[in-house]
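A look at the structure
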Amino acid sequence: MSLPRPPIRRFRILLVEDDAAWQHLVSTGLAEHGIDVHGAPGVARALECLEEVRPDAVVLDAILPDGNGFDLCRRIRARIGELPVPILVFSGRDDEASIERAFDAGAADFFVKSLQWKLLAERLAQLVAAAQMRTELASSHRRLDRAKELALLAHETARRARELSNSDPLTGLLNRKGFLAAAQALLDAPREDPAKPAALLLIDLDRFKRLNDTLGAAAGDETLKQVAARLQQAFRNMPDIVSARLASDEFALLFPSMRTALAAERAAQIAMTALRRPLTCGGLDCVVRASVGLATTAAPMPAEALLAQAGQALSEAKSLGGNCSRRFQAELGHADRERFDLEAALHQALDRNELVLHYQPIVDPRSRRLSGVEALMRWQRDDRLLSPRDFIPIAEETGLIYRMGEWAVGEALQQVRRWRAAGLEVATVSVNIHARHLEQPELARAVSQALDSTGLASSTLELELTETGVMRDIKRSLDSLQGLKQLGVRLALDDFGTGYSSLAYLTQLPIDTLKIDRSFVDKLGESGQSRAVVRSITALAQALGLSTIAEGVETRAQLDSLRSLGCDEVQGYFYARPMPARELPGWSRRFDGAVPEPVRTGPAALGRSVGGAVDPARRAIPDDPSGGLRL
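Notes on the structure follow. (Residues numbered from 1 in each chain as written. Predicted model: local features only at pLDDT ≥ 70, side-chain atom pairs only at ≥ 80, totals over all residues. Heavy atoms only, no water.)

Examining the overall build of the chain
When its secondary structure is counted, the chain shows 22 helices and 24 strands. When burial is assessed residue by residue, the chain has 51% of its 631 residues classed as buried. Sequence separation of at least 24 residues holds for 69% of the intrachain contacts in the chain that already meet a minimum separation of 6. Of the roughly 28,200 Å² that the chain leaves accessible, carbon and sulfur atoms contribute 51%. (Helix = DSSP H or I, 4+ residues; strand = E, 2+ residues; numbered from the N terminus. Buried < 20%, exposed > 50% of the residue type's maximum accessible area, 1.4 Å probe, protein only. Contact = heavy atoms within 4.5 Å. Areas by Shrake-Rupley, 256 points an atom, 1.4 Å probe, with all protein chains shown as cover.)

As structure tokens, then:
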């Protein structure tokens, strides 16, 4: 039985939140839905406001500066007694332990911090309506039944919201997070017949980008929905399989038990055959081809590792021209085996704290002062310090790039906090984010949690995305970038000038900074064309109210040219190589506005720190004026 939507009336809530930015966002967002918000920055003020405001509901942050949010929930519940005032815990965490603690403390609901104000408003309206209904239970059995149904509806709404965080909104399939959790549960479960292997199919649509660019994003989305339906229909007699859309045009199917590995290969052929029938795309009949990577296991293993094996098999199928399937084989050549060892180790690198960040100073060329740093990832594997070029491509192929990017954001902000505590003022830190990460809703949540955990201003963080990556799907990029911008972080377009941004789209992007690609900086003083390009970029940035940073500055002549052309900030070997966090304070003291001698970039300079001392770990990294591939 479906219930009519309860009548909406204007009501007021008490918001216990110490972050001024979130107070403003919540107040503005809920006001649009008829909710008055009264803010309290901490525990003491919240308890005072209970009598002053007399709210219809209380929304409180789980982490507060002068107390624990869950303890405050218990105190408020005890103070209001039987009054119909529901409490909703508003947190940046979405783990089961936090949710359980909230309900144990007396909360009526739990909401993960996001910008979905309509959903939050509806949840609060349901909670307030249900709470008020409970006060009338004694007078009518009809009202009692209705209140119970409203309570069930509120719980169902909360359950559904948690389900949505694990699903792909376009196709209705699981997303990457949901797939890995479900797949791991199946792989860990006892097997009825250990001889029957589990099989994972990783399916990638061939030339999907071309279809999307030609017919438009709407046609591309419709194609993806039809592909999802085809795959489900093809295996409709196998209800135990787990299906997901992992990324833009990448799907996965996990079969808990197959008779043999050959049966798994047959499943791959069935999937390819199902997709070969013409689809309707933008009013046209289109034929979609797919490449399939297959991996099997008869023993428990990490779902991410099995997915990585399927990814390697998919790469092999792609290298053969696509429109075929390949199965992962343990008997690989030495090069492939080494790559697999690297891939398997990379899956554990985060858990083992092997990933590290090095930081390259960003300098104001006029004041010659440190204005910020860029965080660049390295992998400390045993006694070798690996450059990003050795592992970032693997991370991109396997999807680890998402976890690594979120880790980099959190670690970089923590390091800024440590520097400031030690007396070194670092205004901003730039972190490179892969453009495909914009497709993941977890990105904004991870950024928000990282800022909350450090207490730093949102403007401390600048996220860098490559021009080419952003422009690949400009409409989706715009939506994701707007969401990040609402958090207050700065956004930079990296390698600017090498892509194909149109001025019309550039004016729509909510960016703050253009980073001039080093290919133009290299030829300053040698090529009049490069000087003209840099002049055009700085003029364009000034017209749009954006700042500019030049990358790869190695000589005094380049620095002087950039200063005369109006470039706001520079970075490169002229000032410093990327360095471990512990070296930045010493570099800053030695530099302190002076013009340094250019850092040598030839073979003799390998392994040298800014101060000239030899750092053995650096010898493992080839001399790379770009500072290594960025994440």
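A word on the pairing of strand E6 (residues 87-91)
Counted residue by residue, E6 has five buried out of five residues, so it is predominantly covered. Of the two faces of E6, the one carrying Ile87, Val89 and Ser91 and the one carrying Leu88 and Phe90 are both buried. Pairing between strand E3 (residues 57-61) and E6: four bridges, direction parallel. Bridge pairing in E6 links Asp61 to Phe90. Across four bridges, the pairing between E6 and strand E7 (residues 109-112) is parallel. Counted as the bridge partner of Leu88 is Asp109 from E7. The parallel pair E6 and E7, bridged by helix H4 (residues 96-104), forms a crossover whose chirality is right-handed. (Pairing = 2+ DSSP bridges. Right-handed = clockwise from strand over helix to strand, strands pointing away.)

A look at a negative patch on the surface
Residues Asp95, Glu96, Glu100 and Asp104 make up a contiguous surface patch of negative charge. Among the secondary structure elements, Asp104 is positioned in helix H4. (Patch = residues over 30% accessible without salt bridge, like charges linked within 9 Å, V, L, I, M, F, W, Y side chains within 5 Å. Salt bridge = Lys/Arg side-chain N within 4 Å of Asp/Glu carboxyl O. Lys, Arg positive; Asp, Glu negative; His and termini not counted. Charge placed at Lys NZ, Arg CZ, Asp CG, Glu CD.)

Examining the pattern of salt bridges
Two side chains with opposite charge may pair up if their charged atoms get near one another. What the rule picks out here adds up to 26 salt bridges. Ionic pairing is found between Glu17 and Lys113, a salt bridge with its closest N-O pair at 3.1 Å. A residue pair is termed long-range when its members are at least 10 positions apart, and Glu17 in the loop between strand E1 (11-16) and helix H1 (20-31) and Lys113 in the loop between E7 and helix H5 (117-134) qualify at 96 residues. Each member of the pair, Glu17 as well as Lys113, is classed as buried. Close ionic contact of Asp560 with Arg563 constitutes a salt bridge, the shortest N to O distance being 3.0 Å. Of this pair, Asp560 and Arg563 both sit in helix H21 (residues 556-564), separated by three residues, roughly a single helical turn. In this structure Arg563 comes out as partly exposed when scored by relative accessible area, which is 24%.

Looking at the pairing of strand E8 (residues 198-205)
Across the eight residues of E8, eight count as buried, placing the element largely inside the fold. Relative to strand E13 (residues 290-297), E8 is paired through eight bridges, and the arrangement is antiparallel. Of the residues in E13, the one forming a bridge with Ala198 is Thr297. The pairing of E8 with strand E10 (residues 250-255) spans six bridges and is antiparallel. Bridging across to E10, Leu200 finds its partner in Leu254.

Things to note about the side chain of Gln226
With respect to the helices, strands and loops of the structure, Gln226 is situated in helix H9 (residues 217-234). For Gln226, the residues in contact, after removing those within four places along its chain, are Leu279 and Thr280.

Looking at the packing of helix H13 (residues 388-398) against helix H14 (residues 400-421)
Helix-helix packing is described using two parameters, namely the angle between the two axes and the distance between the axes. Put simply, H13 and H14 touch, their axes get as near as 5 Å, and they point 115 degrees apart. Contacts between H13 and H14 involve Phe391, Ile392, Ala395, Glu396 and Thr398 from the former and Leu400, Ile401 and Met404 from the latter. Taken together, the residues of the contact of H13 with H14 break down into six nonpolar, one polar and one charged. (Axes fitted to C-alpha atoms, helices over the stretch in contact; angles between N-to-C directions. Nonpolar A, V, L, I, M, F, W, Y, C, P; charged D, E, K, R; others polar.)

Thoughts on the packing of H9 against helix H10 (residues 261-276)
Direction vectors running N to C along H9 and H10 enclose 135 degrees, while the axes themselves pass 9 Å from each other. Considering their axes alone, H9 and H10 lie oblique with respect to each other. Judged by the sense of rotation from one axis to the other, the crossing of H9 with H10 is right-handed. Taken together, the residues of H10 that come into contact with H9 (itself represented by Val227, Arg230, Leu231 and Ala234) are Ile270, Ala271, Ala274 and Leu275. Considered class by class, the residues forming the contact of H9 with H10 number seven nonpolar, no polar and one charged. (Parallel < 35°, antiparallel > 145°, perpendicular 65-115°, else oblique. Left-handed = near helix turned anticlockwise from the far one by under 90°.)

Some remarks on the sheet that holds E6
The five strands lie next to each other as E2-E1-E3-E6-E7, forming an open sheet whose pairing is parallel. Two strands in the sheet have a free side with no partner beyond their single neighbour: strand E2 (35-40) and E7. Between one strand axis and the next, the sheet turns by 25 degrees as a mean value, whatever way the strands run. Sheet topology note: the E1/E2 ladder contains six bridges and is parallel. By the bridge assignment, Ile13 is partnered in E2 with Val37.

So, the packing of aromatic side chains
Taken as a whole and assessed by the stated rule, the structure comprises nine aromatic pairs. With 5.1 Å between their ring centres and 75 degrees between their planes, Phe235 and Phe255 make a pair best called edge-to-face. Remark: Phe255 occurs in strand E10 and Phe235 occurs in the loop between H9 and strand E9 (242-247); sequence separation between them is 20 residues. An identical accessibility class is assigned to Phe235 and Phe255; each is buried. Ring geometry for Phe574 and Tyr575: centres 5.2 Å apart, planes at 85 degrees, overall edge-to-face. (Phe/Tyr/Trp six-rings, centres within 6.5 Å; stacked < 30°, edge-to-face > 60°.)

Brief notes about the sheet that holds E10
Pairing is mixed in the open sheet, where five strands are placed in the order E9-E10-E8-E13-E14. Every other strand in the sheet has two partners, leaving E9 and strand E14 (325-327) as the edge strands with one partner each. The average angle at which neighbouring strand axes cross in this sheet is 20 degrees, direction not considered. Note that E9 and E10 share five bridges and pair antiparallel.

Looking at unusual backbone geometry
What you tend to see is this: most non-glycine residues have negative phi, and most peptide bonds are trans. With a phi angle near 55 degrees, Arg207 is a residue other than glycine that sits in the positive phi range. Position of Arg207 among the secondary structure elements: in the loop between E8 and helix H8 (208-215). Exposure remark for Arg207: the relative accessible area of 61% places this residue in the exposed category. A positive phi angle, close to 55 degrees, is found at Asp382, a residue other than glycine.

Some words on the environment of Glu526
Its location among the elements puts Glu526 in the loop between helix H19 (518-522) and helix H20 (528-544). According to the relative accessible area criterion, Glu526 is exposed, its value standing at 67%.

Focus: the nonpolar core
With 103 residues, the main nonpolar core has Leu124, Met404, Val447, Leu463 and Leu484 as its most contacted residues. Each of domain 1 (11-138) and domain 3 (339-591) contributes no fewer than three residues to this core. Apart from residues no more than four positions distant in its own chain, Val447 is found in contact with Val409, Leu461, Leu463, Leu484, Leu487 and Val489. Judged by nonpolar contacts, the second largest core, of 31 residues, contains Ile203, Ala228, Ile241 and Ala290. (Core = buried A, V, L, I, M, F, W, Y, C linked by side-chain atoms within 4.5 Å. Domains from an automatic or database assignment.)

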